[in-house]
Amino acid sequence: MNKKRLVSAIAAIAITAGVLAGCASQTPTTPPATPPATPPPATEPEVKLGMSTDEGGLGDKSFNDAANAGLQKIESEFGIKSQVVQSRQADQYENNLDTLAKENDLIIGVGFKMEEAVKNVSTKYPDKKFLIIDAVVDNPNVQSVLFKEQEGSFLLGVIAGSMTKTNKVGFIGGMEGPVIGRFHSGFIAGVMSVNPEAGALLKEGTMVKYAGSFNDTSKGNELAKDLYNQGADIIYHAAGGVGLGLFEAAQEMGKFAMGVDSDQAALIPDKASVILVSMMKMVDQATYTSAKSMIEGNFTTGTTTLGIKEGAVGLSPTLHPELQANTELLTMVEDYSAKIADGTIVVPGTLEELASFTPAQ
């Protein structure tokens, strides 16, 4: 091989090697295996909420409706719909709560009459949580919420005692017991503080009636007419659905009434013309707060008592125009409210405490 041919051969080998190298660089490689996707975390199970009304039932425009309003707010915010059953008679309480406890995580008993039923059912289901309103159950899985109804009722007593033109005002209670006793005694204390004559009639029982029920509307109408016929021109009720009969009587007779638990003039607009004011009891906040804490995993047990200082009782937002225009009276009510909140005035919560109460000035 001459020198020229040797150079040509070397060049050909170099070119061939370059081509092969270029082909090798373009050969696709198998990508590394993709690691398996991490499965999404398991969804937290939805908290289930159940509530049993007392015998007043839904539609009372008062206590039970207020409790249910708190759960409706939960549904709006969290999308969790509650199971609500209505107890039409006291002997249904325990069965209803037992049924709810089988299917729900938090079970709510509305009203002091459920105390024994909540105690029994919460003992039977120690892994479930319970809320009772207006009574105390000491079981370790129960949250009990009480209100100082006497404080808000005192303010309504001040209004009634100041606005009456006959010096006679009335009180209608649902069923006698510690809770309604707080409404009763607080209202009398407020009236006594501004109108001793009207207060004396209440204190001696002349202008006080009990219906023995929280849902007998016709009884409320009957008792109200009796008090109006005795000269009362304003009647305050703490009687759930019984109060609907009071409003009917007030409208028929051209008198005034006072509502309870909810803003009843707003809830019953066709009776707003006779409702001076309502005593707000924030039952809706109790059910809402308890359910929310259960959903968020920080539910606590034990007993909580709420009053004016905590913003849990007081005047309704809706005031009758005659009351709204009486700025001097409303200022006086604000002053009394401040004194109750800071402890200057201690409102009696029982008739026994009322007996030694010195009317506030």
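Predicted, not measured: the structure shown is a model, and the values here were computed from it.

Caption draft 1: Structural view of a negative patch on the surface. On the surface, Glu94, Glu115, Glu116 and Asp138 cluster together to form a negatively charged patch. As for its placement among the helices and strands, aspartate 138 is situated in the loop between strand E4 (129-133) and strand E5 (142-147).

Caption draft 2: Representation of the packing of helix H5 (residues 149-163) against helix H13 (residues 327-341). Interaxial distance between H5 and H13 falls to 10 Å at its minimum, and their mutual angle equals 150°. The orientation of H5 with respect to H13, classified from their angle, is roughly antiparallel. The interaxial crossing formed by H5 with H13 has right-handed handedness. Here Glu151, Phe154, Leu155, Val158, Ile159, Ser162 and Met163 of H5 come into contact with H13, specifically with Leu329, Met332, Val333, Tyr336, Ser337 and Ile340. Counted by class, the contact of H5 with H13 contains 10 nonpolar, 2 polar and 1 charged residues.

Caption draft 3: Representation of the environment of threonine 287 within the structure. In this structure, threonine 287 sits in helix H11 (residues 283-296). For threonine 287, a relative accessible area of 0% corresponds to the buried category. When the C-alpha atoms of threonine 287 and leucine 71 are compared, they prove to be 6.5 Å apart, with 216 residues separating the residues in sequence. The residues contacting threonine 287, other than those within four sequence positions of it, are Ala67, Gly70, Leu71, Ile108, Leu131 and Ile133. Among the polar contacts made by the side chain of threonine 287, one reaches the main-chain carbonyl oxygen of aspartate 284 at a distance of 3.1 Å.

Caption draft 4: Examining the sheet that holds strand E9 (residues 256-261) more closely. Here we have 6 strands laid out as an open sheet, ordered E7-E6-E8-E9-E10-E12, and mixed in their pairing. Of all strands in the sheet, those with a lone pairing partner are strand E7 (208-210) and strand E12 (313-315), marking the two edges. The average undirected angle you get between the axes of adjacent strands in this sheet is 20°. Bridging between strand E6 (residues 169-173) and strand E8 (residues 234-238) involves 5 bridges; their strand directions are parallel. Paired with phenylalanine 171 across the two strands is tyrosine 236, which belongs to E8. On top of the sheet, helix H6 (residues 178-194) reaches E6, E7, E8, E9 and strand E10 (275-281); it is set at about 170° to E6, its chief contact.

Caption draft 5: Examining the nonpolar core more closely. Phe154, Phe187 and Met258 are the most contacted members of the largest nonpolar core, which totals 104 residues. Per element, the largest residue contribution to this core is 8 residues, and it comes from H6.

Caption draft 6: Examining the packing of aromatic side chains more closely. All told, the structure shown has 6 aromatic pairs when counted by the stated rule. When the centroid spacing of 4.9 Å and the interplanar angle of 45° are considered together, the rings of phenylalanine 187 and tyrosine 236 count as tilted. In this pair, phenylalanine 187 is assigned in helix H6 and tyrosine 236 in strand E8, connecting sequence segments 49 residues apart. On the basis of relative accessibility, which here comes to 0%, the residue tyrosine 236 falls in the buried class. Site record: aromatic cluster; members linked through ring pairs are Phe171, Phe187, Tyr210 and Tyr236. Here the basic side chain of lysine 73 rests over the ring of tyrosine 288, its NZ or CZ set 4.2 Å away from the ring centre.

Caption draft 7: Quick peek at H5. The end-to-end C-alpha distance of H5, which contains 15 residues, comes to 21 Å, matching closely the 21 Å that a straight helix rising 1.5 Å per residue would cover. Taking burial as the measure, the 15 residues of H5 include 14 buried ones, the bulk of the element.

Caption draft 8: Highlighting the pattern of salt bridges. The final tally for this structure, using the stated rule, is 12 salt bridges. For the salt bridge of lysine 124 with aspartate 98, the shortest nitrogen-to-oxygen distance reads 2.8 Å. A residue pair is termed long-range when its members are at least 10 positions apart, and lysine 124 in helix H4 (residues 115-124) and aspartate 98 in helix H3 (residues 93-103) qualify at 26 residues. Given the relative accessible area of 11%, aspartate 98 is considered buried.

Caption draft 9: Geometry of the sheet that holds strand E3 (residues 106-110). Strand order in the open sheet made by the 6 strands is E2-E1-E3-E4-E5-E11, with parallel pairing throughout. Two strands close off the open sheet at either side, each with one partner strand: strand E2 (83-85) and strand E11 (302-306). The mean angle between the axes of side-by-side strands here comes to 15°, regardless of whether they run parallel or antiparallel. Of the strand pairs in this sheet, E4 and E5 are connected by 4 bridges, and their pairing is parallel. Within E5, the residue paired with leucine 131 across the bridge is glutamine 143.

Caption draft 10: Summary view of the side chain of serine 262. Of note, serine 262 is situated in the loop between E9 and helix H10 (264-267). For serine 262, a relative accessible area of 8% puts it in the buried group. Reaching out from serine 262, the side chain makes a polar contact with the backbone oxygen of serine 62 at a distance of 3.1 Å. Among residues more than four places away in sequence, those in contact with serine 262 are Lys61, Ser62, Ala66, Leu267, Ser278, Met279 and Met280.

Reading the values: the criteria
- Residues numbered from 1 in each chain as written.
- Predicted model: local features only at pLDDT ≥ 70, side-chain atom pairs only at ≥ 80, totals over all residues.
- Heavy atoms only, no water.
- Patch = residues over 30% accessible without salt bridge, like charges linked within 9 Å, V, L, I, M, F, W, Y side chains within 5 Å.
- Areas by Shrake-Rupley, 256 points an atom, 1.4 Å probe, with all protein chains shown as cover.
- Salt bridge = Lys/Arg side-chain N within 4 Å of Asp/Glu carboxyl O.
- Lys, Arg positive; Asp, Glu negative; His and termini not counted.
- Charge placed at Lys NZ, Arg CZ, Asp CG, Glu CD.
- Helix = DSSP H or I, 4+ residues; strand = E, 2+ residues; numbered from the N terminus.
- Axes fitted to C-alpha atoms, helices over the stretch in contact; angles between N-to-C directions.
- Parallel < 35°, antiparallel > 145°, perpendicular 65-115°, else oblique.
- Left-handed = near helix turned anticlockwise from the far one by under 90°.
- Contact = heavy atoms within 4.5 Å.
- Nonpolar A, V, L, I, M, F, W, Y, C, P; charged D, E, K, R; others polar.
- Buried < 20%, exposed > 50% of the residue type's maximum accessible area, 1.4 Å probe, protein only.
- Polar contact = N/O pair within 3.5 Å; in protein donor to acceptor, adjacent residues only side chain to side chain.
- Pairing = 2+ DSSP bridges.
- Core = buried A, V, L, I, M, F, W, Y, C linked by side-chain atoms within 4.5 Å.
- Phe/Tyr/Trp six-rings, centres within 6.5 Å; stacked < 30°, edge-to-face > 60°.
- Lys NZ or Arg CZ within 6 Å of the ring centre and 35° of its normal.
- Expected span 1.5 Å × (residues − 1).

Shape is all these values report; function is a separate question.
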